[in-house]
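# Notes for the structure review
This is what each chain is made of:
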Amino acid sequence: MNMIEAMAARHSVRSYTDAPIEGEVLEALAASIAEINKASGLAVELAPDGGKAFDNLLGHYGKFRGVRGLFVLKGRRSKDLGLRAGYWGERLVLEATALGLGTCWVGGTYSKRSVAVGPGEELVCVVTVGYAAAPGRPHRTKPIEAFVPGGIADKPAWFVSGVEAAMLAPTALNQQKFSFALDGNVVDARVSGLGVLTDVDLGIARLHFELGAGAEAFVWKHA
Ligand SMILES: Cc1cc2nc3c(=O)[nH]c(=O)nc-3n(C[C@H](O)[C@H](O)[C@H](O)COP(=O)(O)O)c2cc1C
């Protein structure tokens, strides 16, 4: 499964079997995390038994079952920490999907105190990871016009592919508050209005757009 296929195959999984992540799958994840931390400056960690953060009222409220593994997305405090956690965290999510694992981004419904964070580090959010007991389903999405001011009629095919890939992206509460504007080959990605974790959502949507459009087709207005 390549990253394009992984974007289409990924749906949030909130119910897991008790099969541990081990062997080659664990090695592949550890290698991805090392690469991602090197490229991003983040301090992403796999907590194989991080599921205890869901073993409380909040976790049950969030309808999670059998959570064992967590990706802990954290790094040094900076203005763009949420955006980077979204972009690189979703890269890890897609790699996990390609390895046959289920995932779910989690901003709220877990105990932050149960997650280890080093001095000077800020926790952005976690992603549950493990073998799915119940598969996820495709999310409802707004129509493509909702993401492109002025519509797509005059837009090149690569741009439309990028927006379509972003429509597959997970967003907090499925809020899908992002939009993309095109000027020449410059793409301006924004989040509109108020919402929760919209900077993380924007990072995730930007990765999907890049994968769908092809990174060589355009440049971002804001790096
Ligand atoms: C930043 C972020 C935070 C999220 N937080 C939660 C959460 O606290 N609890 C939860 O059950 N799902 C959470 N989700 C999952 C979204 O509800 C889910 O991605 C969205 O409904 C779209 O569904 P899909 O991921 O299956 O495509 C979060 C997703 C993102 C991107």
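Residues numbered from 1 in each chain as written. Predicted model: local features only at pLDDT ≥ 70, side-chain atom pairs only at ≥ 80, totals over all residues.

## Some points on the overall build of the chain
The number of helices and strands found in the chain is 6 helices and 7 strands. Beginning at the N terminus, the succession of helices and strands in the chain can be written as α-α-β-α-β-α-β-β-α-β-β-α-β. Against the 2.2 N^0.38 benchmark of 17 Å for 223 residues, the chain shows a C-alpha radius of gyration of 17 Å, consistent with a compact globule. Projected onto its principal axes, the C-alpha coordinates of the chain cover approximately 50 × 35 × 35 Å. Pairs at least 24 apart in sequence give 73% of the contacts found in the chain among residues at least 6 apart. (Helix = DSSP H or I, 4+ residues; strand = E, 2+ residues; numbered from the N terminus. Rg over C-alpha atoms; globule rule 2.2 N^0.38 Å. Contact = placed C-beta atoms within 7 Å.)

## Considerations on the site of the ligand
Residues in close proximity to the ligand total 22 residues, the closest being Ser12, Trp105, Gly107, Pro170 and Asn174. Of all the elements in the fold, those that place two or more residues in the shell around the ligand are strand E3 (102-106) and helix H6 (198-213). Of the residues belonging to the shell around the ligand, the class tally is 10 nonpolar, 10 polar and 2 charged. Here the shell around the ligand spans two domains, since at least three of its residues come from each of domain 1 (3-130) and domain 2 (144-220). (Near = placed C-beta within 6 Å. Nonpolar A, V, L, I, M, F, W, Y, C, P; charged D, E, K, R; others polar. Domains from an automatic or database assignment.)

## Focus: the domain arrangement of the chain
Reports often express the size of an interface as the amount of accessible area lost when the parts come together. The domains assigned to the chain are domain 1 (3-130) and domain 2 (144-220). Its C-alpha centre places domain 1 at a distance of 23 Å from the equivalent point of domain 2. Taken together, the 17 residues of domain 1 in the interface contact 16 residues of domain 2. Breaking the side of domain 1 that touches domain 2 down by element, the ones donating at least two residues are helix H1 (3-9), helix H4 (81-98) and strand E4 (121-130). Element by element, the count of residues in the side of domain 1 that touches domain 2 is highest for H4, at 8 residues. Across the side of domain 1 that touches domain 2, the residue classes tally to 10 nonpolar, 4 polar and 3 charged.

## Considerations on the pairing of E3
Burial of E3 is extensive: 5 of the 5 residues sit out of reach of the surface. The alternating pattern of E3 places Gly102, Cys104 and Val106 and Thr103 and Trp105 on opposite faces, both of which are buried. Across 5 bridges, E3 lies against E4 in antiparallel orientation. Looking across to E4, one finds that Val106 is bridged to Val126. (Buried ≥ 20, exposed ≤ 12 C-beta atoms within 10 Å, placed from the backbone. Pairing = 2+ DSSP bridges.)

## Observations concerning the sheet that holds strand E1 (residues 45-47)
Strand order across the open sheet formed by 4 strands is E1-E2-E4-E3, with antiparallel pairing between neighbours. Each edge of the open sheet is held by one strand with a lone partner, namely E1 and E3. The sheet shows a mean angle of 25 degrees between the axes of neighbouring strands, taken without regard to direction. Strand direction decides the pairing type here: E1 and strand E2 (residues 69-76), joined by 3 bridges, are antiparallel. Pairing of Glu45 across the sheet is with Val72, part of E2. (Axes fitted to C-alpha atoms, helices over the stretch in contact; angles between N-to-C directions.)

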